[in-house]
Amino acid sequence: KALASKSDQLAGEIRDNRALAPNTIFSQFVTNRVLASLSASRSGFLGMESNKRAETQTVLITDGTNTVALCHVQDTPLSFSYPGTEWEGLTGTLGRNATNIPIRLLSFYQLDPRIIFIPITQTEARELGGKVYRTSSDPYKFQDAVLVGAQEGYYGECKFQMDLTTPLYVKMDRNSLKGLFGKFNPSRGDLVFSRTGELLGVMANSTYCMMIKNFNPTATLHFAQDVRNQQTGETLARLYTLIARLPYKLQ
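Description of the structure in this document. Values in this document were obtained by computation on a predicted structure and should not be read as measured data.

## Some thoughts on the pattern of salt bridges
Under the criterion given, the structure shown has 6 salt bridges. A salt bridge links Arg-195 to Asp-144; its shortest N-O distance comes to 2.7 Å. Of the two residues, Arg-195 is situated in the loop between strand 13 (191-194) and strand 14 (199-203) and Asp-144 in strand 10 (residues 144-148); the sequence distance between them amounts to 51 residues. Given a relative accessible area of 18%, Asp-144 falls into the buried group. A salt bridge links Arg-228 to Asp-226; the shortest N-O distance between them is 3.0 Å. Residues participating in the shared-partner salt-bridge network are Asp-144, Glu-157 and Arg-195.

## Some details on the sheet that holds strand 6 (residues 99-102)
The 4 strands lie next to each other as 2-1-5-6, forming an open sheet whose pairing is antiparallel. Edge positions in the open sheet fall to strand 2 (49-58) and strand 6, since each of these has one partner strand only. In this sheet, neighbouring strand axes are inclined to one another by 20° on average, regardless of whether the strands run parallel or antiparallel. Direction of pairing for strand 5 (residues 89-96) relative to strand 6: antiparallel, over a ladder of 4 bridges. Residue Leu-94 lies in a different strand from strand 6, and its bridge partner there is Ile-101.

## A look at the environment of Leu-236
Take Leu-236: it is sitting in helix 4 (residues 232-244). Sequence-wise, Leu-236 and Pro-113 are 123 residues apart; in three dimensions their C-alpha atoms are separated by 9.8 Å. What Leu-236 contacts, discounting residues up to four positions off in sequence, is Leu-78, Ser-79, Phe-80, Ser-81, Gly-84, Thr-85, Trp-87 and Phe-108.

## Considering helix 4
Taking 1.5 Å of rise per residue, 13 residues should cover 18 Å, and helix 4 covers 18 Å from first to last C-alpha, within 8% of that figure. Within helix 4 the residues assigned to the buried category are Thr-232, Gly-233, Thr-235, Leu-236, Ala-237, Leu-239 and Ile-243. For helix 4, the elements touching its buried residues are strand 5, strand 7 (105-109) and strand 16 (217-222).

## Points about the packing of aromatic side chains
Overall, the coordinates contain 8 aromatic pairs when judged by the stated rule. Through pairs of rings, three or more aromatic residues link up here, namely Phe-26, Phe-29, Tyr-133, Tyr-155 and Phe-193. Residue placement shows Arg-42 over the ring face of Trp-87; its charged tip is 5.5 Å from the ring centre.

## As for the side chain of Asn-205
Along the chain, Asn-205 turns up in the loop between strand 14 and strand 15 (208-211). Exposure remark for Asn-205: the relative accessible area of 7% places this residue in the buried category. At 3.2 Å, the side chain of Asn-205 and the backbone oxygen of Gln-251 are in polar contact. What Asn-205 contacts, discounting residues up to four positions off in sequence, is Ser-187, Arg-188, Lys-249, Leu-250 and Gln-251.

## Side note on helix 2 (residues 22-32)
All buried positions along helix 2 are accounted for by Pro-22, Ile-25, Phe-26, Phe-29 and Asn-32. Projected down its long axis, helix 2 carries its buried residues within an arc of 140°, all on one side.

## Notes on the nonpolar core
Ranked by internal contacts, the top residues of the largest apolar core, which has 55 residues, are Leu-70, Leu-94 and Phe-108. When residues in this core are grouped by element, the largest group, 5 residues, is from strand 8 (residues 115-120). Ranked by size, the runner-up nonpolar core spans 13 residues in total, among them Tyr-154, Cys-158, Phe-160 and Val-170.

Definitions and limits used
Residues numbered from 1 in each chain as written. Predicted model: local features only at pLDDT ≥ 70, side-chain atom pairs only at ≥ 80, totals over all residues. Heavy atoms only, no water. Salt bridge = Lys/Arg side-chain N within 4 Å of Asp/Glu carboxyl O. Helix = DSSP H or I, 4+ residues; strand = E, 2+ residues; numbered from the N terminus. Buried < 20%, exposed > 50% of the residue type's maximum accessible area, 1.4 Å probe, protein only. Pairing = 2+ DSSP bridges. Axes fitted to C-alpha atoms, helices over the stretch in contact; angles between N-to-C directions. Contact = heavy atoms within 4.5 Å. Expected span 1.5 Å × (residues − 1). Phe/Tyr/Trp six-rings, centres within 6.5 Å; stacked < 30°, edge-to-face > 60°. Lys NZ or Arg CZ within 6 Å of the ring centre and 35° of its normal. Polar contact = N/O pair within 3.5 Å; in protein donor to acceptor, adjacent residues only side chain to side chain. Arc of directions from axis to C-beta. Core = buried A, V, L, I, M, F, W, Y, C linked by side-chain atoms within 4.5 Å.

What follows is the structure in structure tokens.
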């Protein structure tokens, strides 16, 4: 019995350490992706309504306890600026196949607020179906990773290096890029998967990938038809200041 469980454990370890082919990782993404659709509205010039909409393909990820969809702020209607935009309404859905669930809130990642988390319940994750990705437990196991375009539908392989001056990020070696499908031009918002098929992180800009360690927020916006009491402008201006303080190469 002990021998059988030991061989099961070994088989599991070998499976966890096996590098997947990049096209396998991409086809898993295509099968399991979720469409995040977000809208922001406010009264514009002469009382005309001014709406912004955005859509992006993403995946669900879990840290073992919580489940979120994630994306880059540039793939949402929100943007960091000083002064920040005062939005009056925020609405959105996460959809997969024929299922749509309403977005209740979104959070800006404490370690880099450009990365956005949209939390969902376990019931909602089951409704959407598909694979819920794990965050990468050992991001340095393989030097190369697979980058998937959130907007353009491309993917490719590239090497990532540790940069000791930016320990929360890994740096993409642009000389090692191998575009495998589509017009491969890595940019912010692209999802980065480890070769074992876990989610390593999100491209914060076109060179640095923010590794996802946890889902701790620095700010949260609740979605509703009327969000004026949340002073979105104040939050977006504060986050603008946080990003402006980052080292230039991370901006």
